[in-house]
Amino acid sequence: MNHNQDLPPDLKDALNSLRAVPERNRHTAALRRQNYLASIKKLPAQARPRSFNISPRLAWLAAAMALVLVMLTGTTITAVAAQGSLPGSLLYPVKTSLEDSQLALAQNSAAQFSLLETFTIRRFTEMDTLLSANTKLPPVLADRLETQFQRMTALAGTMETPGMTLALTSLQEMLQERERLMTASEGHPDDPIYAQIRQRVREMNQLVSAGLADPGQYRQQFENQNRNSSATPNPNGTPGVGPGPVGPNPSITPGDGQGPNATPTPGNGQEPVGPNPSITPGDGQGPNATSTPGNGQGSGGPNPSITPGDGQGTNATPTEKPGATPTPGDGHGFGSTPTAHPWGGKP
Amino acid sequence: MNEQTLLLRARQFDQQSLAEVYDLFSPGLYRYCYRLLGSAPLAEDCVAETFSRFLQALYQGKGPTQFLKAYLYRTAHNWIIDQYRHKASQPIPLENAVVPVEPNSTPQTAETHIEQERVRAALFQLTPGQRQVIMLKFLEEWTNEEISLAIGKPVPAVKALQHRALEALKRVLLTTD
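Worth saying up front: this structure is predicted, and the values here are computed from it rather than measured.

Caption draft 1: Layout of the overall build of chain A. A tally of regular secondary structure across chain A gives nine helices and zero strands. Overall, chain A shows an N-to-C arrangement of helices and strands of α-α-α-α-α-α-α-α-α. Of all 347 residues assigned to chain A, the portion counted as buried reaches 39%. The contacts of chain A with a sequence gap of at least 6 include a subset with a gap of at least 24, amounting to 78%. In the structure as shown, chain A presents an accessible area of about 19,000 Å², 58% of it carried by carbon and sulfur atoms.

Caption draft 2: Highlighting empty space enclosed by the protein. Residues and elements named next belong to chain A. With the rule as written, the count across this model stands at two cavities of 30 Å³ or more. Of the pockets and cavities examined, the largest cavity occupies roughly 40 Å³. Lining the largest cavity, in full, are Asp-100, Leu-103, Leu-116, Phe-119, Arg-144, Thr-147, Gln-148 and Arg-151. Where the lining of the largest cavity is concerned, the elements lending two or more residues are α4 (92-105), α5 (109-132) and α6 (139-158). Of the residues forming the lining of the largest cavity, the biggest block, four residues, is contributed by α6. When the residues that make up the lining of the largest cavity are grouped by side-chain class, the tally is three nonpolar, two polar and three charged.

Caption draft 3: Quick look at the interface of chain A and chain B. On the side of chain B, 44 residues touch chain A, which itself brings 36 residues to the contact. Both faces combined, the contact of chain A with chain B buries some 3,700 Å², and carbon together with sulfur accounts for 63% of it. The largest share of the area that chain A buries against chain B comes from Leu-18, Arg-24 and Tyr-36 of chain A, three residues that together contribute 20% of it. The salt bridge partner of Arg-32 of chain A is Asp-45 of chain B, with a shortest N-O separation of 2.7 Å. Across the contact surface, chain A and chain B share nine residue pairs in polar contact (both at pLDDT 80 or more). Top element by residues in the side of chain A that touches chain B is helix α2 (residues 26-42) of chain A. It accounts for nine residues. Of the residues assigned to the side of chain A that touches chain B, the class counts are 18 nonpolar, nine polar and nine charged.

Caption draft 4: Molecular detail of the pattern of salt bridges. Residues and elements named next belong to chain A. One pass over the full model with this rule turns up 22 salt bridges over all chains. Note that Arg-200 and Glu-146 form a salt bridge whose closest N and O atoms lie 2.7 Å from each other. In this pair, Arg-200 is assigned in helix α8 (residues 192-213) and Glu-146 in helix α6, connecting sequence segments 54 residues apart. Residue classification places Glu-146 among the buried residues on the basis of a relative accessible area of 1%.

Caption draft 5: Examining the packing of α5 of chain A against α8 of chain A more closely. Residue and element names in this part refer to chain A. Across the interface, α5 lies against α8 with an axial gap of 12 Å and an inter-helix angle of 150°. Looking at the two axes, α5 sits roughly antiparallel to α8. Classified by chirality, the crossing of α8 by α5 is left-handed. Every residue of α8 that contacts α5 at Phe-124, Met-127 and Leu-131 is listed here: Tyr-194, Ile-197 and Val-201.

Caption draft 6: Looking closely at the side chain of Gln-116 of chain B. When you line up the elements, Gln-116 of chain B lands in helix α5 (residues 107-123). Here Ser-17 of chain A takes part through its backbone oxygen, which lies 2.8 Å from a polar atom of the side chain of Gln-116 of chain B. Non-local contacts of Gln-116 of chain B, meaning those with residues more than four positions away in its chain, are made with Ser-17, Leu-18 and Ala-20 of chain A.

Caption draft 7: Just the confidence of the model for chain B, in detail. Residues and elements named next belong to chain B. Taken over all residues, the pLDDT of chain B has a mean of 86, while the share at 70 or more is 88%. Within chain B, no element has a lower average pLDDT than α5, which sits at 84, and none a higher one than helix α2 (residues 15-37), at 94. This prediction of the complex comes with two scores: 0.43 for pTM and 0.84 for ipTM.

Caption draft 8: Just a nonpolar patch on the surface, in detail. All names here are of chain A. A contiguous nonpolar patch, built from Leu-58, Leu-61 and Met-65 and spanning about 320 Å² of accessible area, is present on the exposed surface. Tracing the backbone shows Leu-61 in helix α3 (residues 56-83). Owing to a relative accessible area of 47%, Leu-61 belongs among the partly exposed residues under this scheme.

Caption draft 9: Representation of the nonpolar core within the structure. Ranked by size, the top nonpolar core spans 62 residues in total, and within it Phe-51 and Phe-54 of chain B carry the most contacts. Ranked by residues supplied to this core, first place goes to α2 of chain B with 11 residues. Counting the residues that make up this core, at least three belong to each of domain 1 (1-96) and domain 2 (107-177) of chain B. Counting 37 residues, the second-largest nonpolar core is a separate cluster that includes Ala-106, Leu-131, Phe-149 and Ala-167 of chain A.

Caption draft 10: Structural view of α4 of chain A. With 14 residues, α4 of chain A ought to run about 20 Å at 1.5 Å a step, and its terminal C-alpha atoms sit 20 Å apart, in line with that. Those residues of α4 of chain A hidden inside the fold are in contact with α3, α5 and α6 of chain A.

Caption draft 11: Representation of the packing of aromatic side chains. Per the counting criterion, the structure on display carries seven aromatic pairs over all chains. For the ring pair Tyr-36 of chain A and Phe-51 of chain B, a centre distance of 5.3 Å and an interplane angle of 70° mean the geometry is edge-to-face. Of this pair, Tyr-36 of chain A sits in helix α2 while Phe-51 of chain B is found in helix α3 (residues 40-59), placing the two residues in two different chains. Taking the centre distance of 5.1 Å and the plane angle of 65° together, the rings of Tyr-32 of chain B and Tyr-73 of chain B count as edge-to-face. With Tyr-32 of chain B in helix α2 and Tyr-73 of chain B in helix α4 (residues 68-89), this pair connects stretches of sequence that are 41 residues apart. Of the two residues, Tyr-32 of chain B and Tyr-73 of chain B, neither departs from the other in class, the shared state being buried. Three or more aromatic residues joined by ring pairs make a cluster, and in this case those are Tyr-36 of chain A together with Tyr-22 and Phe-51 of chain B.

Cut-off values and rules
- Residues numbered from 1 in each chain as written.
- Chains lettered and ligands numbered in written order.
- Predicted model: local features only at pLDDT ≥ 70, side-chain atom pairs only at ≥ 80, totals over all residues.
- Heavy atoms only, no water.
- Helix = DSSP H or I, 4+ residues; strand = E, 2+ residues; numbered from the N terminus.
- Buried < 20%, exposed > 50% of the residue type's maximum accessible area, 1.4 Å probe, protein only.
- Contact = heavy atoms within 4.5 Å.
- Areas by Shrake-Rupley, 256 points an atom, 1.4 Å probe, with all protein chains shown as cover.
- 1 Å grid on protein atoms, 1.4 Å probe; cavity = no way out; pocket = protein on both sides within 12 Å on 5 of 7 lines; lining within 4 Å.
- Points joined across faces, edges and corners; volume = space filled by probe spheres on them.
- Nonpolar A, V, L, I, M, F, W, Y, C, P; charged D, E, K, R; others polar.
- Buried area = accessible area lost by both parts, 1.4 Å probe.
- Salt bridge = Lys/Arg side-chain N within 4 Å of Asp/Glu carboxyl O.
- Polar contact = N/O pair within 3.5 Å; in protein donor to acceptor, adjacent residues only side chain to side chain.
- Axes fitted to C-alpha atoms, helices over the stretch in contact; angles between N-to-C directions.
- Parallel < 35°, antiparallel > 145°, perpendicular 65-115°, else oblique.
- Left-handed = near helix turned anticlockwise from the far one by under 90°.
- pLDDT = per-residue confidence, 0-100.
- Patch = residues over 30% accessible without salt bridge, like charges linked within 9 Å, V, L, I, M, F, W, Y side chains within 5 Å.
- Core = buried A, V, L, I, M, F, W, Y, C linked by side-chain atoms within 4.5 Å.
- Domains from an automatic or database assignment.
- Expected span 1.5 Å × (residues − 1).
- Phe/Tyr/Trp six-rings, centres within 6.5 Å; stacked < 30°, edge-to-face > 60°.

Right, dumping it as structure tokens:
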């Protein structure tokens, strides 16, 4: 087919000048053909798989990428699987580590507090799940819950009054609801961890109530606590989470049991929660009185409305009083040592 | 044996079919390469490289599954473009700055040779697509459908490209006159 008719006349001659091609050198053409046929014979019977054609550098890159992909996928799968894990299971530490990471990424105290509330609810759900399966509660659950309680109370202490009130109110609602549930149920008397958690919920409820009653006193207590903890840096780098365990601390001698000869020492070693006018610290009345020395609700604060042990009675030595049953303070103050653990477990 | 059957057998590394492919297409490819390159050794190199790339593609499990002729001419054209770019990026030695003329040539053949070089130079001022359309349509006498397979564009695009190519070539040739 000749398409020259489509060509403009001035281009026809120009292009036609290229049409003539000198005869191909036969010898060269034969030589080139031989080369081609020789290269055909070198070919294998089957086509080479494409993957074998990857250069070593590309192969290394592909291997590295595959490894990273496997690691990422594996990590993701583990993280997702850990979300459904329960205390005592193999993946539970992954779950708690993820929670810690979330907390570390939270931008402010309010966000951290909110996350901690969520995690606390999660702990209670885990507890319910374990109990419904008739599984004994592992100590790690109580430990984790305690850590969260401490962090929440400490965080609330760092907030401004409106934020603190909001946070403590929210926490109080959760704790009251949990306490109500635990009281309503028959409980699990054979499970010591359950009993401890129940006790701690009750104590936390009281602590939060005290904080709501006097936010200023609550905050001041945490400021003191922070000053103390900043003076003794934590070698573990664990952020000071607050006031330390709330509860009966064996290092603290609750109750002053003041008798007549006792030096009326204000306070009983427990840090004050605040002015609770309904509470009169241990009064050690009378030699035979069954006194309740020091209830730990904070007697030593500078609140003039609170009368420290008055030392009434004669020759009363509370610890030696016949019939006296000194009940240790219930430890609702914050001032215990942060390293002490209320349940005798790990701090 | 038609082109498609030949290609299928060649893809199975049938040596006879691979040899037939060479015998069928190498003469036309040589002419095509020579017209663009104006050099017999370069045209031979172009043909050899085209078939070498074809074999390499088959070896890697790639290469054409249809339209073998279009594939071979496209490969040859790409090799020529590479050659031209390589040549353009290098300084031209003084002895090559003048148009080579065959020994014992008459004034008429010398004039033809000069004209050929002028047209080639004009063609290389076009875009690769425009140049390919002009070469395949007006020198290799391909139909628009065949050209569309070779350059991977629909027929209307080929027509439009041809129109622009002729306009551009006319402009270049008239400017250099």
